[in-house]
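Given next are the chains, with one letter for each unit.
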Amino acid sequence: MAACKRLVVACFFLVLLLAEANAQGLKVGFYSKTCPHAEGIVKKVVFAAMKKAPTLGAPLLRMFFHDCFVRGCDGSVLLDSSNNQAEKNAVPNLSLRGFDIIDDSKAALEKVCPGIVSCSDILALVARDAMVALEGPTWEVETGRRDGRVSNINEVNLPSPFDNISKLITDFRTKGLNEKDLVILSGGHTIGMGHCPLMSNRLYNFTGRGDSDPSLDSEYATSLRKKCKPTDTTTALEMDPGSFKTFDVSYFKLVAKRRGLFQSDAALLDNSKTRAHVLEQARGSTFFHDFGVSMVKMGRTGVLTGRAGEIRKMCRIPN
(Lines give C-alpha, C1' and ligand atoms only; values in the text may rest on other atoms or scores of the structure.)
Protein backbone atom coordinates (compact mmCIF):
# COMPACT_ATOMS: atom_id res chain seq x y z
CA MET A 1 0.00 0.00 0.00
CA ALA A 2 2.82 2.37 0.96
CA ALA A 3 4.59 1.56 -2.29
CA CYS A 4 1.46 2.45 -4.25
CA LYS A 5 1.18 5.76 -2.43
CA ARG A 6 4.82 6.56 -3.22
CA LEU A 7 4.17 5.74 -6.87
CA VAL A 8 1.15 8.04 -6.93
CA VAL A 9 3.17 10.87 -5.35
CA ALA A 10 6.01 10.33 -7.84
CA CYS A 11 3.57 10.42 -10.76
CA PHE A 12 1.97 13.57 -9.34
CA PHE A 13 5.28 15.42 -9.26
CA LEU A 14 6.11 14.16 -12.73
CA VAL A 15 2.85 15.58 -14.00
CA LEU A 16 3.64 18.89 -12.29
CA LEU A 17 7.03 19.02 -13.94
CA LEU A 18 5.57 18.26 -17.34
CA ALA A 19 2.87 20.85 -16.84
CA GLU A 20 5.47 23.45 -15.92
CA ALA A 21 7.57 22.58 -18.96
CA ASN A 22 4.56 23.09 -21.23
CA ALA A 23 2.92 25.88 -19.24
CA GLN A 24 3.26 28.23 -22.16
CA GLY A 25 1.33 25.95 -24.49
CA LEU A 26 4.28 24.79 -26.57
CA LYS A 27 4.92 21.19 -27.47
CA VAL A 28 6.78 19.11 -30.01
CA GLY A 29 4.43 18.17 -32.83
CA PHE A 30 1.87 20.89 -32.20
CA TYR A 31 0.79 20.71 -35.86
CA SER A 32 0.76 16.91 -36.10
CA LYS A 33 -3.00 16.85 -36.73
CA THR A 34 -3.72 20.30 -38.20
CA CYS A 35 -0.76 20.40 -40.61
CA PRO A 36 1.16 17.13 -40.35
CA HIS A 37 3.70 17.98 -43.07
CA ALA A 38 4.51 21.45 -41.73
CA GLU A 39 8.05 20.69 -40.58
CA GLY A 40 8.88 18.82 -43.76
CA ILE A 41 7.65 21.72 -45.89
CA VAL A 42 9.83 24.22 -44.02
CA LYS A 43 12.84 21.91 -44.15
CA LYS A 44 12.53 21.55 -47.92
CA VAL A 45 12.54 25.33 -48.39
CA VAL A 46 15.48 25.83 -46.03
CA PHE A 47 17.64 23.07 -47.53
CA ALA A 48 17.07 24.41 -51.05
CA ALA A 49 18.07 27.92 -49.97
CA MET A 50 21.07 26.76 -47.97
CA LYS A 51 22.35 24.71 -50.89
CA LYS A 52 22.50 27.90 -52.95
CA ALA A 53 23.76 30.16 -50.16
CA PRO A 54 25.20 28.31 -47.13
CA THR A 55 26.33 31.59 -45.55
CA LEU A 56 22.66 32.24 -44.72
CA GLY A 57 22.98 29.86 -41.77
CA ALA A 58 24.44 32.40 -39.34
CA PRO A 59 21.98 35.23 -40.15
CA LEU A 60 19.01 32.87 -39.85
CA LEU A 61 20.21 31.69 -36.45
CA ARG A 62 20.72 35.30 -35.34
CA MET A 63 17.26 36.22 -36.61
CA PHE A 64 15.64 33.78 -34.17
CA PHE A 65 17.87 34.99 -31.33
CA HIS A 66 17.07 38.64 -32.08
CA ASP A 67 13.37 37.87 -32.26
CA CYS A 68 13.24 36.08 -28.91
CA PHE A 69 15.19 38.78 -27.06
CA VAL A 70 12.70 41.52 -28.04
CA ARG A 71 9.05 41.01 -26.99
CA GLY A 72 9.68 37.25 -26.84
CA CYS A 73 9.61 34.72 -29.68
CA ASP A 74 6.60 36.25 -31.44
CA GLY A 75 7.89 36.90 -34.95
CA SER A 76 8.02 40.65 -34.38
CA VAL A 77 11.43 40.90 -36.04
CA LEU A 78 9.78 39.81 -39.30
CA LEU A 79 7.34 42.72 -39.50
CA ASP A 80 7.86 45.56 -41.98
CA SER A 81 7.14 49.21 -41.24
CA SER A 82 6.04 51.91 -43.66
CA ASN A 83 8.20 54.45 -41.81
CA ASN A 84 11.19 52.20 -41.04
CA GLN A 85 10.38 52.03 -37.33
CA ALA A 86 10.13 48.24 -36.96
CA GLU A 87 12.60 46.00 -35.13
CA LYS A 88 14.28 44.99 -38.37
CA ASN A 89 15.23 48.64 -38.93
CA ALA A 90 17.29 48.81 -35.72
CA VAL A 91 21.06 48.90 -36.23
CA PRO A 92 21.73 45.43 -34.74
CA ASN A 93 19.20 43.92 -37.16
CA LEU A 94 20.37 45.59 -40.36
CA SER A 95 22.76 42.71 -41.03
CA LEU A 96 20.04 40.05 -40.79
CA ARG A 97 19.42 38.16 -44.03
CA GLY A 98 17.08 35.43 -45.13
CA PHE A 99 13.67 37.02 -44.63
CA ASP A 100 12.71 35.63 -48.04
CA ILE A 101 13.20 32.10 -46.70
CA ILE A 102 10.60 32.82 -44.04
CA ASP A 103 8.29 34.23 -46.72
CA ASP A 104 8.79 31.22 -49.00
CA SER A 105 8.14 28.81 -46.13
CA LYS A 106 4.96 30.65 -45.19
CA ALA A 107 3.73 30.70 -48.79
CA ALA A 108 4.32 26.96 -49.15
CA LEU A 109 2.50 26.27 -45.88
CA GLU A 110 -0.45 28.50 -46.77
CA LYS A 111 -1.06 26.43 -49.90
CA VAL A 112 -1.41 23.27 -47.84
CA CYS A 113 -2.61 24.48 -44.44
CA PRO A 114 -3.95 28.03 -44.71
CA GLY A 115 -4.08 30.00 -41.48
CA ILE A 116 -2.56 27.24 -39.35
CA VAL A 117 1.22 27.67 -38.90
CA SER A 118 2.50 30.85 -37.27
CA CYS A 119 5.40 32.90 -38.56
CA SER A 120 7.07 32.71 -35.16
CA ASP A 121 7.03 28.91 -35.36
CA ILE A 122 8.37 29.03 -38.91
CA LEU A 123 11.29 31.14 -37.67
CA ALA A 124 12.03 28.61 -34.92
CA LEU A 125 11.96 25.74 -37.42
CA VAL A 126 14.09 27.60 -39.96
CA ALA A 127 16.80 28.29 -37.34
CA ARG A 128 17.00 24.58 -36.52
CA ASP A 129 16.91 23.41 -40.14
CA ALA A 130 19.60 25.90 -41.17
CA MET A 131 21.94 24.34 -38.60
CA VAL A 132 21.09 20.84 -39.81
CA ALA A 133 21.83 21.93 -43.38
CA LEU A 134 25.32 22.91 -42.19
CA GLU A 135 25.71 19.44 -40.66
CA GLY A 136 25.42 21.06 -37.26
CA PRO A 137 23.18 20.16 -34.32
CA THR A 138 19.55 19.18 -34.48
CA TRP A 139 16.85 19.32 -31.82
CA GLU A 140 13.12 18.85 -31.51
CA VAL A 141 11.46 22.23 -31.94
CA GLU A 142 8.54 23.00 -29.67
CA THR A 143 5.76 24.69 -31.64
CA GLY A 144 2.46 26.36 -30.82
CA ARG A 145 3.58 30.00 -30.80
CA ARG A 146 1.30 32.70 -32.14
CA ASP A 147 2.39 35.91 -33.83
CA GLY A 148 2.65 39.34 -32.27
CA ARG A 149 1.16 42.42 -33.89
CA VAL A 150 3.71 44.99 -32.70
CA SER A 151 7.27 45.70 -33.84
CA ASN A 152 8.98 48.81 -32.46
CA ILE A 153 12.53 49.91 -33.23
CA ASN A 154 12.75 51.59 -29.82
CA GLU A 155 12.30 48.27 -28.01
CA VAL A 156 15.40 46.69 -29.55
CA ASN A 157 17.91 46.36 -26.73
CA LEU A 158 19.91 43.27 -27.57
CA PRO A 159 23.02 41.83 -25.93
CA SER A 160 25.95 43.58 -27.58
CA PRO A 161 29.39 42.48 -28.85
CA PHE A 162 30.74 45.19 -26.52
CA ASP A 163 29.06 43.90 -23.33
CA ASN A 164 30.96 42.80 -20.24
CA ILE A 165 30.13 39.57 -18.45
CA SER A 166 27.88 41.16 -15.81
CA LYS A 167 25.69 42.76 -18.46
CA LEU A 168 25.54 39.54 -20.48
CA ILE A 169 24.55 37.42 -17.48
CA THR A 170 21.87 39.92 -16.48
CA ASP A 171 20.42 40.12 -20.00
CA PHE A 172 20.23 36.35 -20.31
CA ARG A 173 18.73 35.89 -16.84
CA THR A 174 15.88 38.23 -17.73
CA LYS A 175 15.01 35.73 -20.48
CA GLY A 176 15.16 32.73 -18.15
CA LEU A 177 18.59 31.69 -19.40
CA ASN A 178 21.52 30.87 -17.13
CA GLU A 179 25.31 31.11 -17.42
CA LYS A 180 25.57 27.83 -19.30
CA ASP A 181 22.95 28.96 -21.83
CA LEU A 182 24.93 32.19 -22.31
CA VAL A 183 28.09 30.25 -23.13
CA ILE A 184 26.37 27.65 -25.30
CA LEU A 185 24.40 30.18 -27.34
CA SER A 186 27.53 32.33 -27.73
CA GLY A 187 28.90 29.22 -29.43
CA GLY A 188 26.71 30.17 -32.37
CA HIS A 189 29.66 32.42 -33.25
CA THR A 190 31.31 29.28 -34.59
CA ILE A 191 29.68 30.20 -37.90
CA GLY A 192 29.41 33.50 -39.71
CA MET A 193 31.24 36.79 -40.02
CA GLY A 194 31.78 39.93 -38.01
CA HIS A 195 32.98 43.32 -39.23
CA CYS A 196 35.84 45.60 -38.26
CA PRO A 197 33.76 48.33 -36.58
CA LEU A 198 32.54 45.80 -34.01
CA MET A 199 36.00 45.24 -32.65
CA SER A 200 38.22 48.13 -33.78
CA ASN A 201 38.15 49.60 -30.27
CA ARG A 202 39.76 46.38 -28.98
CA LEU A 203 42.63 46.99 -31.37
CA TYR A 204 43.14 50.75 -31.30
CA ASN A 205 41.36 52.56 -28.48
CA PHE A 206 40.18 50.17 -25.78
CA THR A 207 40.27 52.60 -22.83
CA GLY A 208 40.27 55.84 -24.81
CA ARG A 209 44.04 56.16 -24.68
CA GLY A 210 44.94 54.61 -28.02
CA ASP A 211 45.58 51.21 -26.48
CA SER A 212 44.44 47.67 -27.24
CA ASP A 213 42.45 45.22 -25.15
CA PRO A 214 44.94 43.39 -22.88
CA SER A 215 42.65 40.35 -22.81
CA LEU A 216 43.17 39.83 -26.55
CA ASP A 217 45.98 37.47 -27.53
CA SER A 218 48.82 39.67 -28.86
CA GLU A 219 49.53 37.57 -31.96
CA TYR A 220 45.85 37.49 -32.85
CA ALA A 221 45.64 41.26 -32.32
CA THR A 222 48.55 41.80 -34.70
CA SER A 223 46.85 39.64 -37.31
CA LEU A 224 43.60 41.56 -36.93
CA ARG A 225 45.31 44.94 -37.27
CA LYS A 226 46.58 43.88 -40.68
CA LYS A 227 42.99 43.28 -41.78
CA CYS A 228 41.27 46.14 -39.94
CA LYS A 229 42.63 49.66 -40.19
CA PRO A 230 41.25 52.22 -37.69
CA THR A 231 38.81 53.73 -40.20
CA ASP A 232 37.74 50.45 -41.84
CA THR A 233 33.96 50.10 -41.80
CA THR A 234 33.42 47.31 -44.30
CA THR A 235 35.94 44.45 -44.00
CA ALA A 236 34.39 41.17 -42.87
CA LEU A 237 36.15 38.95 -40.36
CA GLU A 238 35.65 35.27 -39.67
CA MET A 239 34.24 34.90 -36.14
CA ASP A 240 35.79 31.44 -35.97
CA PRO A 241 38.91 31.75 -38.17
CA GLY A 242 39.57 28.71 -40.32
CA SER A 243 36.27 27.11 -39.36
CA PHE A 244 33.63 29.79 -39.86
CA LYS A 245 31.57 27.64 -42.23
CA THR A 246 31.50 24.66 -39.88
CA PHE A 247 29.44 24.24 -36.72
CA ASP A 248 31.98 22.86 -34.24
CA VAL A 249 33.75 23.46 -30.90
CA SER A 250 36.68 25.41 -32.36
CA TYR A 251 35.00 28.65 -31.20
CA PHE A 252 35.44 27.58 -27.58
CA LYS A 253 39.04 26.56 -28.17
CA LEU A 254 39.77 30.01 -29.57
CA VAL A 255 38.01 31.81 -26.72
CA ALA A 256 40.00 29.72 -24.23
CA LYS A 257 43.19 30.95 -25.96
CA ARG A 258 42.00 34.59 -25.69
CA ARG A 259 41.24 34.70 -29.40
CA GLY A 260 37.54 35.47 -29.27
CA LEU A 261 36.70 38.19 -31.80
CA PHE A 262 34.34 40.32 -29.73
CA GLN A 263 34.54 41.72 -26.21
CA SER A 264 31.49 39.62 -25.39
CA ASP A 265 33.43 36.50 -26.43
CA ALA A 266 36.42 37.42 -24.29
CA ALA A 267 34.09 38.27 -21.39
CA LEU A 268 33.11 34.62 -21.06
CA LEU A 269 36.45 34.06 -19.32
CA ASP A 270 35.76 36.76 -16.71
CA ASN A 271 33.32 34.75 -14.61
CA SER A 272 34.14 31.46 -12.91
CA LYS A 273 30.95 29.74 -14.09
CA THR A 274 31.08 30.89 -17.70
CA ARG A 275 34.82 30.23 -17.88
CA ALA A 276 34.31 26.67 -16.65
CA HIS A 277 31.66 26.09 -19.31
CA VAL A 278 33.95 27.46 -22.04
CA LEU A 279 36.75 25.12 -21.01
CA GLU A 280 34.36 22.19 -20.72
CA GLN A 281 33.01 22.76 -24.23
CA ALA A 282 36.50 23.22 -25.65
CA ARG A 283 37.57 19.76 -24.56
CA GLY A 284 34.26 17.90 -24.64
CA SER A 285 31.78 16.49 -27.11
CA THR A 286 28.44 17.71 -25.73
CA PHE A 287 28.17 20.97 -27.68
CA PHE A 288 25.59 19.79 -30.22
CA HIS A 289 23.32 18.38 -27.51
CA ASP A 290 23.77 21.37 -25.22
CA PHE A 291 23.10 23.81 -28.06
CA GLY A 292 19.77 22.15 -28.78
CA VAL A 293 18.78 22.28 -25.10
CA SER A 294 19.58 26.00 -24.87
CA MET A 295 17.79 26.78 -28.14
CA VAL A 296 14.64 25.09 -26.85
CA LYS A 297 14.86 27.11 -23.62
CA MET A 298 15.35 30.36 -25.53
CA GLY A 299 12.44 29.44 -27.80
CA ARG A 300 10.08 29.52 -24.80
CA THR A 301 10.81 33.19 -24.09
CA GLY A 302 7.72 35.38 -23.87
CA VAL A 303 5.69 33.27 -26.30
CA LEU A 304 2.10 34.01 -27.24
CA THR A 305 -0.14 30.94 -27.14
CA GLY A 306 -3.82 30.02 -26.94
CA ARG A 307 -5.88 33.00 -28.05
CA ALA A 308 -3.12 35.58 -27.66
CA GLY A 309 -1.70 37.12 -30.80
CA GLU A 310 -2.67 35.81 -34.22
CA ILE A 311 -1.62 33.55 -37.08
CA ARG A 312 -0.40 35.95 -39.73
CA LYS A 313 -1.37 35.35 -43.33
CA MET A 314 1.88 37.01 -44.42
CA CYS A 315 4.90 37.19 -42.14
CA ARG A 316 5.83 40.78 -42.96
CA ILE A 317 2.52 42.37 -42.01
CA PRO A 318 -0.05 41.82 -39.25
CA ASN A 319 -3.51 40.65 -40.31
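- If you look the protein chain up in an unreviewed UniProt entry, it shows as Peroxidase from Brassica napus.
- Taken directly from UniProt, the Subcellular location (unreviewed entry) text for the protein chain runs: "Secreted".
- What UniProt records for the protein chain under Function (unreviewed entry) is the sentence "Removal of H(2)O(2), oxidation of toxic reductants, biosynthesis and degradation of lignin, suberization, auxin catabolism, response to environmental stresses such as wounding, pathogen attack and oxidative stress. These functions might be dependent on each isozyme/isoform in each plant tissue."

## Re the UniProt feature "binding site: substrate" (unreviewed entry) in the protein chain
For step 1, the next point in the chain: With numbering aligned to this structure, UniProt lists the feature "binding site: substrate" (unreviewed entry) at P159.
For step 2, the next point in the chain: Along the chain, P159 falls in the loop between β2 (142-143) and α6 (165-173).
For step 3, the next point in the chain: What P159 contacts, discounting residues up to four positions off in sequence, is F65, F69, L168, D171 and F172.

## Quick word on the pattern of salt bridges
For step 1, the next point in the chain: This structure, assessed with the given rule, holds 18 salt bridges.
For step 2, the next point in the chain: With a closest N to O distance of 2.7 Å, D171 and K167 form a salt bridge. You can see D171 and its partner K167 sitting in helix α6, four residues apart, about one turn around the helix.
For step 3, the next point in the chain: Overall, the relative accessible area of 14% leaves D171 in the buried class.
For step 4, the next point in the chain: Through salt bridges that share partners, D80, K88, D103 and R316 make up one connected network.

Scoring rules and cut-offs
Residues numbered from 1 in each chain as written. Predicted model: local features only at pLDDT ≥ 70, side-chain atom pairs only at ≥ 80, totals over all residues. Heavy atoms only, no water. UniProt positions renumbered as here; feature names shortened; annotations may be inferred. Helix = DSSP H or I, 4+ residues; strand = E, 2+ residues; numbered from the N terminus. Contact = heavy atoms within 4.5 Å. Salt bridge = Lys/Arg side-chain N within 4 Å of Asp/Glu carboxyl O. Buried < 20%, exposed > 50% of the residue type's maximum accessible area, 1.4 Å probe, protein only.

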